[in-house]
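# Examination of the molecular architecture
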Amino acid sequence: MKNVIYLFIGIVFGLALTKGEAISWYRIQEMFRFEGFHMFGIFMTAIPVGAVSLLLIQKFNVKTIGGSAIEKPQKHFHPGIIFGSAIFGFGWALTGACPGPLYSQIGSGSLVTIVTLLSAILGTWTFGRIQNRLNL
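Attention here is on the structure that accompanies the text.

Compared with an ideal rise of 1.5 Å per residue, which puts 16 residues at 22 Å, helix H4 (residues 80-95) spans 22 Å between its outermost C-alpha atoms and is within 8% of the ideal. Gly96 sits one or two positions beyond H4 and adopts a positive phi of about 75°.

Structure, rendered in structure tokens:
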């Protein structure tokens, strides 16, 4: 039953991305060329919504669906973040997709995005295999 909840949340998220045009290759290219405000407006809305959500989770001691406490992990900086961010940004600019809207793009009929999805899965798998050798 828990998976049905996740499926519903994913469908709502996909609809929001589609209706907000966040899955549009043209909107993403417009953002990277600094020709339009649309995607930046989405980000500037998402950041405060996420911050307020985190504050409310902490204030009301919200639990996960499974009943465990939600803990904020400590993140530490290391130089690999810069290299990884650059790879992510180049991939996003070239393909017009970050991991969030991949499924929505495929669902909307952009079947070439399957190549991007498979590449993202392969990259994640590769990182998992070599992570312990990267001195992170």
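Here we come to the nonpolar core. Core analysis: the biggest nonpolar cluster contains seven residues, these being Leu17, Ala22, Ile23, Ile28, Met31, Met39 and Trp92. Filtering out sequence-adjacent residues up to four positions away, Ala22 remains in contact with Leu17, Ile28, Met39, Ile42 and Pro101.

Under the counting rule described, the total for this entry stands at five aromatic pairs. Between Phe32 and Trp92, the ring centres sit 5.3 Å apart and the planes meet at 90°, which makes this aromatic pair edge-to-face. Taken together, the residues Phe32 in helix H2 (residues 25-32) and Trp92 in helix H4 connect sequence positions 60 residues apart. A ring pair is formed by Phe88 and Trp92, whose centres lie 6.0 Å apart and whose planes are at 55°; its orientation type is tilted. Here Trp92 and Phe88 lie together in helix H4, a separation of four residues that amounts to about one turn. By the ring-pair criterion, three or more aromatic residues cluster together here, those being Phe32, Phe43, Phe88 and Trp92. Lying over the aromatic face of Phe60, Lys59 brings its terminal NZ or CZ to 6.0 Å of the ring centre.

The rules behind each value
Going along each chain's sequence as written, the residues are numbered from 1 onward. Owing to the predicted nature of the model, reporting of local features is limited to residues with pLDDT of at least 70; listing and counting of side-chain atom pairs is limited to 80 or more, with chain, interface and lining totals taken over all residues. Remark: hydrogens and water are excluded; side-chain values derive from all non-hydrogen atoms of the structure. A helix here means a DSSP run of H or I that spans at least four residues, while a strand means a run of E at least two residues long, and both kinds are numbered starting from the N terminus. How far a helix is expected to stretch is found by multiplying one less than its residue total by 1.5 Å. Take the buried residues of types Ala, Val, Leu, Ile, Met, Phe, Trp, Tyr and Cys, join any two whose side-chain atoms come within 4.5 Å, and each joined set is a nonpolar core. Remark: exposure states derive from per-residue accessible area (1.4 Å probe, protein chains only) relative to the maximum for the residue type, with buried under 20%, exposed over 50%, and partly exposed in between. Pairs of residues are marked as contacts when any of their non-hydrogen atoms sit within 4.5 Å. For Phe, Tyr and Trp, where Trp contributes only its six-membered ring, two rings pair if their centres lie within 6.5 Å, and the inter-plane angle classes them as stacked under 30 degrees, edge-to-face over 60, or tilted in between. By the criterion adopted, a ring carries a charge over it if an Arg CZ or a Lys NZ lies within 6 Å of its centre and within 35 degrees of its normal.

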